[in-house]
Amino acid sequence: MRILRTVVVLLAVQAAIWAVLAAIVPGCDTSSIDSGFTDVGPALSDVRPPADLLAAPADLGPSAPSGNVAPVCSLRTNPDPPRAAVGDTIRLNACGSTDADGDPIRIAIDCGNGQPITQGCTAECRYSAPGGFTADACCDDQHGHGGICTDVAVQIEAPSPSASPSGSPSSPGDVMITSLGADPGTLFPGQVAFISGRVSPAGATWTLQVTSGFGTLSVTSGTGPAIGSQLTASPTQVVPITVTATATFGGSVATRSITLPVI
């Protein structure tokens, strides 16, 4: 009886194996398989690599090409140092930023006073309250080097009170040109420079005369307290440019000059 049971179990196992072979090997005729067992293994079409090998590679984000270097972000101010009164203009210039690979640089300037960020290498900043501010310029070579920034500390002072309710100085000798500058301070032929300064008292009139070795280039005028104008260096002549500011008030006259090299 025990032998009969063993034979029945073996026959059942054999039948099960033939059923598996028929399922995994298409076209397999199990009727032709003899009682000997043959291990044919799984069909090649059912072989799959491990699931972790099929997973997409992790996104490591953009990276700089091999050998590509970051840009150098520079920032100049006019006036320099960036110190002015409430309502005056401070000009920021990041046009001197460079990239050793020659990649075009995208520049954004933040005045640090709540003004919208300027997309470009120059910006004019005005501050409505006294205090210290941080202005910055950020450069991006669009090849994986973004957020390369430089900043400057801006100091804004409260406007000086007038010497009298009318704004007149207490004496004619009080008229002054308190500052005068240019951005940039050194020019290339054909380059534009912005001139700025301040006169006191606020009611003083001012005149800017721009001259070179070839005579007078321009004359502009206005009323204080802020002086503002611009000039363009000759595209063909490399000669220094002199900017002379003259302020008048109540019969008093003050002058101040700066010289801009052209290289």
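So, how was this worked out
Note that residues are indexed from 1 along each chain, following the sequence as it is written. The model is predicted, so local features are restricted to residues of pLDDT at least 70 and side-chain atom pairs to those at 80 or more, both for listing and for counting; the totals for chains, interfaces and linings are taken over all residues. By convention in this description, side-chain values take in all heavy atoms of the structure and omit both hydrogens and water. Note on pairing: DSSP must find at least two bridges between two strands before they are called paired. By the criteria applied, helices consist of DSSP H or I runs no shorter than four residues and strands consist of E runs no shorter than two, each listed in order from the N terminus. Each nonpolar core is a collection of buried residues, namely Ala, Val, Leu, Ile, Met, Phe, Trp, Tyr and Cys, held together in the definition by side-chain atoms within 4.5 Å. A 1.4 Å probe rolled over the protein chains alone gives each residue an accessible area, and that area as a share of the maximum for its type sets the label: buried under 20%, exposed over 50%, partly exposed in between. Known as pLDDT, the predictor's confidence for each residue is given on a scale from 0 to 100. By definition, residues are in contact when any of their heavy atoms lie within 4.5 Å. To get an axis, fit a line to the C-alpha atoms, keeping to the stretch in contact for a helix; angles then go from 0 to 180 degrees between the N-to-C directions. A pairing counts as a salt bridge when a side-chain nitrogen of Lys or Arg comes within 4 Å of a carboxyl oxygen of Asp or Glu. Whether two aromatic rings pair depends on their centres lying within 6.5 Å, for rings of Phe, Tyr and Trp, where Trp uses its six-membered ring; planes under 30 degrees apart make the pair stacked, over 60 edge-to-face, and the rest tilted. Disulfides are defined in this document as cysteine sulfur pairs within 2.5 Å.

Caption draft 1: Representation of the pairing of strand β10 (residues 192-200). Here strand β9 (residues 176-183) pairs with β10 via 7 bridges, running antiparallel. By the bridge assignment, G181 is partnered in β10 with S196. Two strands pair when backbone bridges link them, and β10 and strand β13 (residues 226-232) are joined in this way by 7 bridges, in the antiparallel orientation. Among the inter-strand pairings, G197 is bridged to a residue of β13, identified as I227.

Caption draft 2: Structural context of the nonpolar core. Counting 24 residues, the largest nonpolar core has L187, I195, L208, L231, I241, V243 and L260 as the members making the most contacts within it. Those elements giving two or more residues to this core turn out to be β9, β10, β11 (205-212), β13, β14 (241-249) and β15 (252-260). Residue contributions to this core peak at 5 residues, all from β14. Membership of the second largest hydrophobic core comes to 19 residues, among which are L92, A94, F133 and C139.

Caption draft 3: Structural detail: the confidence of the model for the protein. Confidence in the prediction for the protein averages 77 pLDDT; 70% of positions are at 70 or higher. Note on residues 162-172: pLDDT under 50 across the span, and 13 contacts to partners over four residues away in sequence or across chains.

Caption draft 4: Structural context of the sheet that holds β15. Spatial ordering of the open sheet is given by β12-β11-β14-β15, a layout of 4 strands whose pairing is antiparallel. Bordering the open sheet on either side are β12 (215-223) and β15, each of which pairs with just one other strand. Within this sheet the neighbouring strands show an average axis-to-axis angle of 15°, counted without direction. In this sheet, β15 lies alongside β14 in antiparallel orientation, the contact comprising 9 bridges. Looking at β15, one finds that A247 is bridged to A254.

Caption draft 5: Spatial organisation of the pattern of salt bridges. Scanning all chains against the criterion turns up 5 salt bridges. Notably, a salt bridge pairs R83 with E157, separated by 2.5 Å at the nearest N-O pair. Of the two residues, R83 is situated in strand β2 (residues 83-85) and E157 in strand β8 (residues 148-157); the sequence distance between them amounts to 74 residues. The class of E157 is partly exposed, set by a relative accessible area of 33%.

Caption draft 6: Representation of the packing of aromatic side chains in the model. Applying the stated criterion to the full structure yields 1 aromatic pair. Considering the side-chain rings of Y127 and F133, the 4.7 Å spacing of their centres and the 45° angle between planes classify their relative orientation as tilted. For the residue pair Y127 and F133, the accessibility class agrees, reading buried in each case.

Caption draft 7: Summary view of the state of the cysteines. Scanning all chains against the criterion turns up 4 disulfides. Across the disulfide from C73 sits C139; the S-S distance is 2.2 Å. Between C73 and C139, the S-S dihedral sits near 70°, and the bridge is therefore right-handed. In this pair, C73 is assigned in the loop between α2 (51-54) and β1 (76-78) and C139 in strand β7 (residues 131-140), connecting sequence segments 66 residues apart. Owing to a relative accessible area of 12%, C73 belongs among the buried residues under this scheme. Among the residues examined, C139 registers a relative accessible area of 1% and is labelled buried. Across the disulfide from C95 sits C121; the S-S distance is 2.0 Å. Handedness here is read from the sign of the S-S torsion; for C95 and C121, about 65°, the answer is right-handed. With C95 in the loop between β3 (89-93) and β4 (106-110) and C121 in the loop between β5 (118-119) and β6 (122-126), the pair connects residues that are 26 residues apart, well separated along the chain. Counting only the cysteines that take part in disulfides, in the order they occur along the protein, gives the pairing 1-7, 2-4, 3-5, 6-8.

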